[in-house]
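Structural overview for review
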Amino acid sequence: MPDLPLDSEEVVIRALREDLGAEGDVTSRSALPADLPARARIEGRAEGVLAGVPVAERVVAAVEATVGFEARLVDGDAVRPGDLVASLEGPARSIMAAERTALNFLTHLSGIATLTRTFVEACAGTDSVILCTRKTLPGLRSLERYAVECGGGRLHRAGLHDGVLLKDNHVALAGGVREAVAASRRNAPHTLRVEVEVETLEQLGEALDAGAEAILLDNADVETVRKAVDIVGDRVPLEISGGMTVDRVREIAPLGRLLISVGRITHSAPALDLALEIDPA
């Protein structure tokens, strides 16, 4: 499994500050004795793929370092209803204060990993791979990309800073595919590959002639993708995007060695149902 992003601690602290504010968990503090010990368990309520278990552990530790957290499953594992994901033991107030933030991370990231795995499995037996995109929740991109990897997906550029991808609006503003590619090849850092988005086979030919080092074919039907694969061959990586569903991926994945970018695995993944149950120790 991938390493946790370097900013995960910062994201956890920000999330806890958002939930606990300056006063902390006033409900638990008013209803529960300070010295009440408790045992809790995080368990599956639906079938899916886990991501975010160590993030949940960091949430608990940030609230109260004395709370014991024992992971029973790890990120990338399959989880089913009733499966024990993690066990917790410590002050009841502290567990309750961490509960929602820990579950918010765990259910959201596991939802991304689960949906990613579904798309990855649609590519099984082919040379094509699934990529995430920049369509992420602000502030959570690094963790969402981590969840994509837990689900077996691959990463696209992390942001505008680490890759040149000329989109349709760049092309329009630059005066065309050829002009946009030429300008980027002159001005972009030499360590970055120049990729350009095209919508027609004519534009694809222009991109190749202009020296594009990767091509993104957007919103193309299966027959157009097939022709694009024949035209491009092995000259440059060919990325396909736009309206990707599992059925559509099953159709186009066998056509070649394709990079299939799917925005919905981050922007529309439903949360995976996981719950925390707690009892007095």
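The structure displayed is predicted, hence computed values, not measured ones.

1. Examining the sheet that holds strand β11 (residues 258–261)
Strand order in this open sheet of six strands is β6-β11-β10-β9-β8-β7, and the pairing throughout is parallel. Because the sheet does not close on itself, it has two edges, and the strands there are β6 (129–131) and β7 (164–166). If you compare each strand with its neighbour and ignore which way they point, the axes differ by 25 degrees on average. Alignment of strand β9 (residues 214–218) against strand β10 (residues 238–241), held across four bridges, turns out to be parallel. Residue pairing across strands places Leu216 opposite Glu239, the latter belonging to β10. Contacting β9, β10 and β11, helix α9 (residues 222–232) crosses the sheet at an angle of about 165 degrees to β10.

2. Quick word on the pairing of strand β5 (residues 84–91)
Pairing between strand β1 (residues 37–44) and β5: seven bridges, direction antiparallel. Considered in β5, the bridge of Arg41 is made with Ser87. Bridging between strand β3 (residues 68–71) and β5 involves four bridges; their strand directions are antiparallel. Within the sheet, the bridge partner assigned to Ala71 lies in β5 and is Ala86.

3. Quick word on the sheet that holds β1
Sheet architecture is open: four strands sit in the order β3-β5-β1-β12, paired in antiparallel fashion. Every other strand in the sheet has two partners, leaving β3 and β12 (274–280) as the edge strands with one partner each. Strand-to-strand twist in this sheet, taken as the mean axis angle between neighbours without regard to direction, amounts to 15 degrees. Where β1 lies against β12, seven bridges are found, and the strand directions are antiparallel. Residue Ala38 lies in a different strand from β12, and its bridge partner there is Pro280. Contacting β3 and β5, helix α3 (residues 53–63) crosses the sheet at an angle of about 175 degrees to β3. The strands touched by helix α4 (residues 92–122) within the sheet are β1, β5 and β12, with β12 carrying the most contacts at an inclination of about 165 degrees.

4. What to know about the pairing of β9
Every regular strand shows the same layout, with side chains that alternate between the two sheet faces. For β9, the tally of buried residues reaches five of five residues, placing the bulk of the element in the interior. In β9, alternate side chains face the same way, and those of Ala214, Leu216 and Asp218 on one face and Ile215 and Leu217 on the other are all buried. The pairing of strand β8 (residues 194–198) with β9 spans four bridges and is classified as parallel. Bridge assignment links Glu197 to a residue of β9, and that residue is Leu216. With helix α8 (residues 201–210) bridging β8 and the parallel β9, this β-α-β connection has right-handed handedness. The handedness of the β9 to β10 crossover, carried by α9, is right-handed.

Thresholds applied
Residues numbered from 1 in each chain as written. Predicted model: local features only at pLDDT ≥ 70, side-chain atom pairs only at ≥ 80, totals over all residues. Heavy atoms only, no water. Pairing = 2+ DSSP bridges. Helix = DSSP H or I, 4+ residues; strand = E, 2+ residues; numbered from the N terminus. Axes fitted to C-alpha atoms, helices over the stretch in contact; angles between N-to-C directions. Contact = heavy atoms within 4.5 Å. Buried < 20%, exposed > 50% of the residue type's maximum accessible area, 1.4 Å probe, protein only. Right-handed = clockwise from strand over helix to strand, strands pointing away.

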